[in-house]
Amino acid sequence: MGRGKLRIYLGAAPGVGKTYAMLSEAHRRVERGTDCVVAFVECHGRPRTEVMLHGLEQIARREAAYRGSTFEEMDVDAVLRRAPAVALVDELAHTNIPGSRNAKRWQDVEELLAAGIDVVSTVNIQHLESLGDVVESITGVRQRETVPDEVVRRADQIELVDMSPQALRRRMAHGNIYQPDKVDAALSNYFRPGNLTALRELALLWVADRVDEYLKQYRDEHQVSKIWGSRERIVVGLTGGPEGRTLIRRAARLAEKGAGGEVLAVYIARSDGLTSASPKELAVQRTLAEDLGGTFHHVIGDDIPVALLDFARGVNATQIVLGSSRRKAWQYVFGPGVGATVARESGPDLDVHIVTHDEVAKGRGLPVARGARLGRARIVWGWAIGVIGPAVMALLLNTVHLGLANDMLLFLTVTVAAALVGGLLPALASAAVGSLLLNYFYTPPLHNWTIADPKNIVAIVIFVGVGVSVASVVDLAARRTHQAARLRAESEILSFLAGNVLRGETSLEELLERVRETFGMESAALLERGGDVEPWTCAGRAGFGRPVERPEDADVDVPVGDHMALVLIGRVLPAEDRRVLAAFAAQAAVALDRRRLQEEADQARALAEGNRIRTALLAAVSHDLRTPLAGIKAAVSSLRSDDVAWSEEDQAELLEGIEEGADRLDHLVGNLLDMSRLQTGTVTPLIREIDLDEVVPMALGGVPEDSVELDIPETLPMVAVDPGLLERSVANLVENAVKYSPPGKAVLVSASAIADRVEVRVVDRGPGVPDEAKERIFEPFQRYGDAPRGAGVGLGLAVARGFAEAMSGTLNAEDTPGGGLTMVLTLRAAETRPDLFTEHLSAAETEAAAEAEPERQVT
């Protein structure tokens, strides 16, 4: 049994009549005797659609429970058992209930097709996967249910169900699509005229592209070479000359006159890579063609007329636009030219337009064969062999005459040697000198410039021909070797650029420096302008050459779009170097865009962080600051009340509450101000050397005396810190530890020296913090676990870490052995004092420290 066929009714929006058209097709097939069933059709409460179900066999649906509700889905197994000839399956992009046989309905359809059942289905244009972003930008609605484009492309038939936006809105207003209570909202949102028009255009263009694919496929399958003028396709033949811009604009005007006109600009390059086209001009013409809505194509072909006609017929073009020949009159001796040849060979189905321009008959700059790339030493040796070698050979043969045939072979050997070493010109010189010497010394009559025997003339001609042929082969091989080496270098450079594009590693300045080094220039810069009349500005620069204000002032400039240019100072580059330079220019523009996007992302991130801080600050002010204020106000109001006679104990208790609330307010406001300073980057520490035992005890003033155990050895080295910031950091750490420590368990504050650092540890025996939350507790306005809101705004640890990092220190959280949390504050030690810490070292370590002491003094 073969695979079933799929027919899809495609619509621009809900309500255009896809399901109605599908049911109408089912009735026509049933009338013709086709076994057709309704596998799943959703009527959405539309009476006219429900009427169309009458007279059609329907397969019972499968019920599925999900989250306490019951849903109906297509029963794939029931349809397979029924095995009809045609099955109707509505809403191809539908997502099945979790736990179903397949995740998507189109996968159910694939099973039916594999079983040999023909399927007729429906889908809206907004459900195609590739158009999800476009539809969202138009309607503002993200489509959750999508179907892969390839599934719809593989359909045997796609029929567009079209309706004008005005007719669809009238149908909506009459209640033929949605319930009356939803009509106003739909017309004001998704079903706006602009939305419907844009969706309709998407559907029409998508179907038109599919029709074009079907036409191309049919032409290929049936080997149709004749052009079918189904739509105007205009091919513009470019030579790389300045007249290309005129031709592209002319072709664009021709395309505008016909509906659906398309412009294809094509440049035919020789397969050997030798060309006189300007890469800069081709880049400009590519941009112009794309700006005018056309496409640019680069085709390889040695016979330009044949390659151009093959391309035109391959894309089913209807017209070709060429420029009048730039050749001078005498150059027509080489042939009729590309324009005349294309016009003669185009045939009756392909129109050829010859457009005049300003470069007519000014010369076309034909490619000139390049000299051999053999190196100076080889060329010098080649000339020596070519000029001196025949003379030396003549002297030797004058002493031992071996006959004319052998003499010619020996002179030919010298000529071949000159060709192998020096290339074409030394070989020609050797052939000329050798033929003269053969004629004068060894060809009868001897010592005369005439040749008596015609056979000797043929021999000398063959001798010269062989020498020139060998020299030509050597010269061609040298050029090909040079081209291969150059292309290998270009491929390595392009591979480097491609890798950078994928990884996004190279900055604009690094890329410009790479350009400068690659091409041996003094400087490289990327210029940019904001408009047609604004001056150029430098977006990035590398090197030491003179600054360039305009692209015209540079030795080399490569345009990048309409508003940027890559400029180089140092020397003028040949055309073969500009090919790679164009890739560098494009990558430079990408690097600049990436840098600006990164800057915008950083700014957006900073704004988002600021918004988060402000939102959290408002939340803190709304509760954590209001609570102590309310307590203070209540206590003050009670004291001022004349209705109650307060005892001295009550007054003392109220005053204590006022003092406690004020202290709490002072602490909260201090943390808020510190965090604002950290967020704005205005914290400037005043670093000086100080002992920890002078700072840490002062940080314990805000906690009960018996709640902290202090262990700060006097032998510790001094630390390089800001005393005020250090005191505030330790105070916040200790207050946080005391807050979470169980009753009767004192917080331990200890310090120790490790290498050139000093660690301050604040150890509590509280509930601790899991590993995944250890970093989160240092974020502003974060309170771990079920801490009550009255416990603070969650800034203490964030401020402590911020101050620590401002002093080039670190603050991290560790688990306390046996349970609890340990805060480790690491600080930079000041200049070490050996008299205080060498007593803790072993004898060997003391000796090493003593040896290092003079170096410290010198430093």
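Note that the structure is a prediction, hence the values are computed from the model and not measured.

Conventions used here
Residues numbered from 1 in each chain as written. Predicted model: local features only at pLDDT ≥ 70, side-chain atom pairs only at ≥ 80, totals over all residues. Heavy atoms only, no water. Helix = DSSP H or I, 4+ residues; strand = E, 2+ residues; numbered from the N terminus. Buried < 20%, exposed > 50% of the residue type's maximum accessible area, 1.4 Å probe, protein only. Contact = heavy atoms within 4.5 Å. Areas by Shrake-Rupley, 256 points an atom, 1.4 Å probe, with all protein chains shown as cover. Pairing = 2+ DSSP bridges. Core = buried A, V, L, I, M, F, W, Y, C linked by side-chain atoms within 4.5 Å. Patch = residues over 30% accessible without salt bridge, like charges linked within 9 Å, V, L, I, M, F, W, Y side chains within 5 Å. Salt bridge = Lys/Arg side-chain N within 4 Å of Asp/Glu carboxyl O. Lys, Arg positive; Asp, Glu negative; His and termini not counted. Charge placed at Lys NZ, Arg CZ, Asp CG, Glu CD.

Take the overall build of the chain next. Along the chain, the regular secondary structure elements total 25 helices and 24 strands. Among the 859 residues that make up the chain, the fraction classed as buried is 42%. Restricting to contacts in the chain with at least 6 residues of sequence separation, those with at least 24 account for 70%. A total accessible area of about 45,500 Å² is found for the chain, and carbon and sulfur atoms account for 55% of it.

Time to look at the sheet that holds strand 3 (residues 57-58). Judged by pairing direction, the sheet is parallel, and its six strands sit side by side in the order 3-2-6-7-1-8 without closing on themselves. Among the strands making up the open sheet, the edge pair consists of strand 3 and strand 8 (157-161). The sheet contact formed by strand 6 (residues 86-89) and strand 7 (residues 118-124) spans four bridges and is parallel. By the bridge assignment, Leu88 is partnered in strand 7 with Val120.

It is worth spelling out the nonpolar core at this point. One broad rule of soluble globular proteins: the nonpolar side chains tend to lie buried together. In terms of nonpolar packing, the biggest core is built from 65 residues, with Leu88, Leu112, Ile125, Val147 and Trp206 touching the most fellow members. With six residues, the top contributor of residues to this core is helix 9 (residues 193-221). Residues in contact with Val147, not counting those within four places in the same chain, are Leu92, Ala93, Trp106, Val123, His127, Leu128, Glu129 and Val152.

On to a negative patch on the surface. Where like charges cluster on the molecular surface, the negative patch consists of Glu648, Glu649, Asp650, Glu653, Glu656, Glu659, Glu660, Asp663 and Asp666. Position of Glu653 among the secondary structure elements: in helix 20 (residues 648-680). Note on Glu653: relative accessible area 56%, which makes it exposed.

Enumeration according to the criterion identifies 22 salt bridges in this entry. Where Arg596 meets Glu528, a salt bridge forms, and the shortest distance between an N and an O atom there is 2.4 Å. Here Arg596, found in helix 19 (residues 575-640), pairs with Glu528, found in strand 14 (residues 523-528); they are 68 residues apart in sequence, far enough to count as distant. Judged by its relative accessible area of 31%, Arg596 is partly exposed. In this structure Glu528 comes out as buried when scored by relative accessible area, which is 16%. Across the pair Glu759 and Arg761 runs a salt bridge whose closest N-O atoms are separated by 3.4 Å. With a relative accessible area of 15%, Glu759 lands in the buried category. Because the salt bridges share partners, they merge into one network encompassing Arg7, Glu25, Arg28, Arg29 and Glu159.

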